[in-house]
Amino acid sequence: MTEAATAPHDHGPVQARPTAVAVRGVSKTFGNGASAVTALDDVSFDVPQGSFLSVLGPSGCGKSTLMRLVAGLQPASTGTIEVAGGTPDEMRRAREFGIVFQQPVLFDWRTVEQNVGLPLQIMGRPKGEARERVEHMLELVGLSDFRKHRPWQLSGGMQQRVSIARALTFAPPFLLMDEPFGALDMMTRERMQTELLSIWASNPGTTVIFITHSISEAVLLSDRIVVMSARPGRVLKVIDVDLPRPRTDETRDSKEFVDVEAEIRQLIFSQEGR
């Protein structure tokens, strides 16, 4: 796959775009009494429409919990989350979310094209329309030649591409990704990052919330980064990343990239020992 020559999402400063997701004073506590565990504490940030936002923080800081709250899979204990003017639960029921997890959740008895087309089958889309959409997505993720393969016949990176294609096959306005490359080796992970940018650039208007604990991954991918503290997860800082798009492997070597990386690393490490 090649990088998109243009960047449809690069339509002005991220600060000037309408807000697609508004998180306001959100906390999440599990359990009661002495055994209660606070995963998130007073978290607030905005996700601009059509932007790529990463939530970055150490393991156990509540990143995945936050994604489940935004996706309407769990309720917040306090605070509010508004997604495109509605509640997360309303948006989930309206199938506004495509979700990709760390481990590809694919059905081994279905072929690649059958896995990608599953959401369209569930939604009752006409077969001709579904075939066209599946073919388009397979071409986009570079798996047209593997349409008849089963998931177990694919590498980890290829399986994750199937997951991304399936999540986008019904053109959801929101793509939620929970450390989707965390289980991959470094070389495959870096290749998947640039491929994800190409896929995203080919789906104008899609708003992405991406969970990661990798600083370099967040800087390469994102328009905006929400940096979280260790548990209970609090927002240390929201950083806008002004690196030009399209971004490539060469972007990682730029002074601007290194400077943003250093700022985040200093911010996170300054919290240790507190």
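What you are looking at is a predicted structure, and each value in this text was computed from that prediction instead of being measured.

**Some points on the packing of aromatic side chains**
Consideration 1: For the structure on display, the rule yields 5 aromatic pairs.
Consideration 2: Here the aromatic rings of Phe-52 and Phe-210 are separated by 5.7 Å at their centres, their planes lie at 40°, and the arrangement is tilted. Separated by 158 residues along the polypeptide, Phe-52 in strand 3 (residues 52–56) and Phe-210 in strand 7 (residues 207–212) bring together distant segments of the chain.
Consideration 3: Accessibility expressed as a relative area gives 0% for Phe-210, which makes it buried.
Consideration 4: Consider the rings of Phe-181 and Phe-210, whose centres lie 6.0 Å apart with planes at 55°: the pair is tilted. Residue Phe-181 is found in the loop between strand 6 (174–178) and helix 7 (186–201), and its partner Phe-210 is found in strand 7; the two are separated by 29 residues along the sequence.
Consideration 5: A relative accessible area of 0% means that Phe-181 is categorised as buried.

**Quick word on the environment of Ala-76**
Consideration 1: Summarising the element assignment, Ala-76 is placed in the loop between helix 1 (63–70) and strand 4 (78–83).
Consideration 2: You can call Ala-76 partly exposed: its relative accessible area is 30%.
Consideration 3: Separated by 48 residues in sequence, Ala-76 and Lys-28 place their C-alpha atoms 5.4 Å apart.
Consideration 4: Each residue touching Ala-76, except ones within four places of it in the same chain, is listed here: Val-26, Ser-27, Lys-28 and Leu-69.

**Some thoughts on the pattern of salt bridges**
Consideration 1: One pass over the full model with this rule turns up 17 salt bridges.
Consideration 2: When the shortest N-O distance is used, the salt bridge between Arg-24 and Asp-46 registers 2.7 Å. Separated by 22 residues along the polypeptide, Arg-24 in strand 1 (residues 19–30) and Asp-46 in strand 2 (residues 37–48) bring together distant segments of the chain.
Consideration 3: Overall, the relative accessible area of 40% leaves Arg-24 in the partly exposed class.
Consideration 4: Asp-46 gets classed as partly exposed once you look at its relative accessible area, which sits at 24%.
Consideration 5: Between Glu-217 and Arg-189 there is a salt bridge, and its shortest N-O distance comes to 3.0 Å. Highlighted residues: Glu-217 in helix 8 (residues 215–221) and Arg-189 in helix 7, separated in sequence by 28 residues.

**Regarding the sheet that holds strand 6**
Consideration 1: Here we have 6 strands laid out as an open sheet, ordered 5-6-7-3-8-9, and mixed in their pairing. This sheet does not close on itself; its edge strands, each paired only once, are strand 5 (97–100) and strand 9 (235–240). Between one strand axis and the next, the sheet turns by 15° as a mean value, whatever way the strands run.
Consideration 2: Relative to strand 9, strand 8 (residues 224–228) runs antiparallel, the two being bridged by 5 bridges. Pairing of Val-226 across the sheet is with Val-238, part of strand 9.
Consideration 3: Helix 6 (residues 156–168) contacts strand 5 and strand 6 of the sheet and is inclined by roughly 170° relative to strand 5.

**With respect to the domain arrangement of the protein**
The accessible area lost on association of the parts is a frequent measure of interface size.
Consideration 1: Under the domain assignment, the protein is made up of domain 1 (18–96 + 174–273) and domain 2 (108–171).
Consideration 2: Computed from C-alpha atoms alone, the centre-to-centre distance between domain 1 and domain 2 is 25 Å.
Consideration 3: Taken together, the contact pairs 14 residues of domain 1 with 13 residues of domain 2.
Consideration 4: For the pair domain 1 and domain 2, the two sides together bury roughly 1,100 Å², of which 75% comes from carbon and sulfur.
Consideration 5: For the pair domain 1 and domain 2, the number of links is 1 salt bridge.
Consideration 6: Of the charged contacts, one joins Arg-161 and Glu-195 as a salt bridge, the two residues approaching to 3.3 Å between their closest N and O atoms.

Parameters at a glance
Residues numbered from 1 in each chain as written. Predicted model: local features only at pLDDT ≥ 70, side-chain atom pairs only at ≥ 80, totals over all residues. Heavy atoms only, no water. Phe/Tyr/Trp six-rings, centres within 6.5 Å; stacked < 30°, edge-to-face > 60°. Helix = DSSP H or I, 4+ residues; strand = E, 2+ residues; numbered from the N terminus. Buried < 20%, exposed > 50% of the residue type's maximum accessible area, 1.4 Å probe, protein only. Contact = heavy atoms within 4.5 Å. Salt bridge = Lys/Arg side-chain N within 4 Å of Asp/Glu carboxyl O. Pairing = 2+ DSSP bridges. Axes fitted to C-alpha atoms, helices over the stretch in contact; angles between N-to-C directions. Domains from an automatic or database assignment. Buried area = accessible area lost by both parts, 1.4 Å probe.

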